[in-house]
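Chains, contacts and geometry: an overview
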Amino acid sequence: MKNKLLFTFLILAIFSANSQIERTNEKAFIPKGKWMTSGTISVNFFDNKTTDINNDEEANGESDYINFNFTPKVGYSIAENWVAGIGLGYTYSRNKGKSFEKDSLTSHYQYTTNGYSINPFVRRYVSTGKNLLFFFQGETKYQYSKSKDINNYPSENNDYHTSANLFFIGIRPGLNF
């Protein structure tokens with residue numbers, strides 16, 4: 001199922017990237033007035049069990065983690081080989097686990113984060129032939145995230161709430177064919 005989903009997104013990405021390119025006898029180019037779509041989707045997860053090798057205990061802790069990110073982008077060709085656009089993103093992550101001592105639960109925790117981002121960009125394409133375009137993408141990103149950390153010990157409960165602001169400025173190279 002994962003392979004079918006990955007293959008579908010790959011085909012959509014290739015179609016999206018190729019649909020904006022026009023070709024002449026000498027070069028490929030992005031004409032003014034074309035729309036572009038792109039984006040990212042990622043899902044990460046893992047389970048972890050730890051053992052204290054000094055105590056030879058069966059398991060001293062276990063945790064599981066999941067992360068999901070979805071960032072669609074849309075752009076418009078403002079001039080030949082120049083695209084300006086914006087991306088909007090959502091990120092969710094959760095990490096939860098338990099600690100044991102001699103088969104009895106000593107603590108458990110859960111840490112969750114929700115993040116929202118906006119990502120304006122400008123992309124400049126340079127033709128390298130009939131079928132290939134090299135590009136530089138200048139971009140900036142702002143992300144706001146809010147986290148909740150719950151630590152439960154047998155004698156006390158601790159809840160923490162945090163928020164964070166992330167700023168990013170960068171240049172990314174790439175290829176379209």
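What comes next concerns the included structure. (Residues numbered from 1 in each chain as written. Predicted model: local features only at pLDDT ≥ 70, side-chain atom pairs only at ≥ 80, totals over all residues. Heavy atoms only, no water.)

**Looking at unusual backbone geometry**
Definition in use: A helix here means a DSSP run of H or I that spans at least four residues, while a strand means a run of E at least two residues long, and both kinds are numbered starting from the N terminus.
With a phi angle near 65°, Asn81 is a residue other than glycine that sits in the positive phi range. The residue Asn81 is located in the loop between strand S4 (61–79) and strand S5 (82–101) in this model.

**Re the pattern of salt bridges**
Defined as follows: Each salt bridge in this description consists of a side-chain nitrogen of Lys or Arg and a carboxyl oxygen of Asp or Glu lying within 4 Å of one another. Any residue under 20% of the maximum accessible area for its type is buried, any over 50% is exposed, and the rest in between are partly exposed; the area is computed with a 1.4 Å probe on protein chains only.
Across all of its chains, the model carries three salt bridges by this definition. The partner of Glu139 in a salt bridge is Arg172, and the shortest N-O contact between them spans 2.5 Å. With a gap of 33 residues between them, Glu139 in strand S7 (residues 133–153) and Arg172 in strand S8 (residues 156–176) connect regions that are remote in the sequence. Owing to a relative accessible area of 4%, Glu139 belongs among the buried residues under this scheme.

**What to know about the packing of aromatic side chains**
Rules: Paired rings are identified among Phe, Tyr and Trp, the last through its six-membered ring, by centres lying within 6.5 Å, and are further divided according to the angle between planes into stacked (under 30 degrees), edge-to-face (over 60) and tilted (the rest). Cation placement over rings: the criterion is NZ of Lys or CZ of Arg within 6 Å of the ring centroid and within 35° of the ring normal.
Counted by the stated rule, this structure contains six aromatic pairs. Ring plane angle 45° and centroid distance 5.4 Å describe the contact between Tyr90 and Tyr116, whose orientation is recorded as tilted. Taken together, the residues span a long stretch of sequence, with Tyr90 in strand S5 and Tyr116 in strand S6 (residues 104–127) at a distance of 26 residues. With relative accessibility at 27%, the residue Tyr90 sits in the partly exposed group. Ring geometry for Phe134 and Phe136: centres 5.0 Å apart, planes at 85°, overall edge-to-face. Against the face of Phe135 rests Arg123, its NZ or CZ located 3.9 Å from the ring centre.

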